[in-house]
Amino acid sequence: MTKTSILDTGKLQDFAKERKLQPFRVKQIYQEIFKNQNIDFADMTTLSKDLRDDLEKDFSVVTLKADKIIEDKFTTKIWFQTQDGCMIEAVIIYHWQNEKHNINDQEKLNRITLCISSQVGCAMGCIFCVTGKLGFKRNLTRDEMVSQILFANNFIKKKLWKQEDGSLHGVRNIVFMWMGEPLLNYDNVKKSIEIMLRQEAGFSLSKRHITISTCGIVPGIRKLIKDGITVKLAISLHAPNQVLRDKLMPIAKAYPLDELTKVIGEYVKATDNRVFYEYIMIRNMTDTPEVARQLVTLLRKKLAHVNLIPYNTNPAIQLEESDVKTIQNFKRILEEGGLTVTVRDNMGRKMKWACGQLGYEKIMKDKEEE
Ligand code: SF4
């Protein structure tokens, strides 16, 4: 029998009433989960043994099962299995003051970011992305998205324990940037953000520490503005003109660049937030000096930051990665044009961890089985 999610506050209140628990007990249970970063009732030692046993019978904290975990110095990649047998992924990124330091050198850890999935697969079909090749299966629920954070916080606690100020190490930034297009799962993403922001029975994160990355779903951006969800926005732009964007991203036909630019302007006006533009560097396609100059024209004088993402060559896709010199030249043109630019560290390259590499293992496995 499937247990009830502990995030169902109504059901937990009913459970508390039935057992005539003091009102503060519900608060205490949520503190164990969100503050003490526990996901096993057995570890919630501020609760009585009887209460822990009763909770165990009826409720689950994390609704996903971690299937596989792989780590390197800067990242932990977690494959989760959903209750209906789907596979999704999340990635923890450790930001070190000095990136040469070892992961065990806790004092040098600046902050931790978690990239989460919002859908099983993706319907967008961007030509450089392996996840797009998997197709779309279904939206993730609110609890499945929150479960990725709960699991990550527990994992980080066990791995790194406490910071110098005595608080536990945990996820400080959340990015909807792994599998799926979050603005096509708007209602559940919105509900999960509510839990990220709230103080009680939530993660108490600031809006500045949550980012939605979208391939450019114009109505979704409009809804964010209307609903006052002023989290950060990252746009998977990847091309500064309509012709090139059409080639790379089928969604560009539904929401052309001029419409996208217009709604981003509305978002900036409403929030005063800087927008992050994700831009993939593909040899002889998106990385030429002419295209760089077009990007300058598109974004000059806008509240914008460009992240250049080196494309990772992948046997499942017929595209080539840009060389380092070309990327540096592209960056120089953008900077001379007045844009702020970061070249994304392509950490975990060998492990196919970067954008567009998702689902790589599954595709290769399917190919072997054909
Ligand atoms: S890049 Fe993002 S939006 Fe495009 S197919 Fe991949 S997961 Fe979907």
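On a predicted model such as this, the values are computed, not experimentally measured, just so you know.

Caption draft 1: View of the nonpolar core. The biggest cluster of nonpolar side chains holds 111 residues, and the ones touching the most others in it are Ile-6, Leu-55, Phe-128, Met-196 and Leu-334. Looking at which element gives the most residues to this core, the answer is helix α5 (residues 142-160), with nine residues. When residues of this core are assigned to domains, at least three fall in each of domain 1 (4-60) and domain 2 (65-369).

Caption draft 2: Seen up close, empty space enclosed by the protein. Scanning the entire structure with this criterion turns up one cavity of 30 Å³ or more. Looking at the largest cavity, its volume works out to about 40 Å³. Taken together, Leu-237, Leu-257, Leu-260, Thr-261, Ile-264, Tyr-277, Leu-298 and Leu-299 make up the lining of the largest cavity. Those elements that place two or more of their residues in the lining of the largest cavity are α10 (257-271) and α11 (289-299). Classifying every residue of the lining of the largest cavity gives seven nonpolar, one polar and no charged.

Caption draft 3: Representation of the confidence of the model for the protein in the model. Mean pLDDT over the protein: 91, with 90% of residues reaching 70 or higher. The low-confidence segment residues 348-358, where pLDDT is below 50, has 37 contacts with residues more than four positions distant or belonging to other chains.

Caption draft 4: Focus on the pattern of salt bridges. Enumeration over the complete set of coordinates arrives at 20 salt bridges. Between Arg-138 and Glu-144 there is a salt bridge, with the nearest N and O atoms lying 2.9 Å from each other. As far as burial versus exposure is concerned, Arg-138 and Glu-144 are alike and both buried. Between Arg-332 and Glu-336 there is a salt bridge; the shortest N-O distance is 3.1 Å. In this pair, Arg-332 and Glu-336 are both assigned in helix α12 (residues 324-336), four residues apart and thus about one turn of the helix distant. Given the relative accessible area of 39%, Arg-332 is considered partly exposed.

Caption draft 5: Summary view of the site of the ligand. In the region of the ligand, the neighbouring residues are Cys-122, Met-124, Gly-125, Cys-126, Phe-128, Cys-129, Gly-132 and Cys-215. Tallied by class, residues from the shell around the ligand come to six nonpolar, two polar and no charged.

Calculation criteria
- Residues numbered from 1 in each chain as written.
- Predicted model: local features only at pLDDT ≥ 70, side-chain atom pairs only at ≥ 80, totals over all residues.
- Heavy atoms only, no water.
- Core = buried A, V, L, I, M, F, W, Y, C linked by side-chain atoms within 4.5 Å.
- Buried < 20%, exposed > 50% of the residue type's maximum accessible area, 1.4 Å probe, protein only.
- Helix = DSSP H or I, 4+ residues; strand = E, 2+ residues; numbered from the N terminus.
- Domains from an automatic or database assignment.
- 1 Å grid on protein atoms, 1.4 Å probe; cavity = no way out; pocket = protein on both sides within 12 Å on 5 of 7 lines; lining within 4 Å.
- Points joined across faces, edges and corners; volume = space filled by probe spheres on them.
- Nonpolar A, V, L, I, M, F, W, Y, C, P; charged D, E, K, R; others polar.
- pLDDT = per-residue confidence, 0-100.
- Contact = heavy atoms within 4.5 Å.
- Salt bridge = Lys/Arg side-chain N within 4 Å of Asp/Glu carboxyl O.
- Near = heavy atom within 4 Å.

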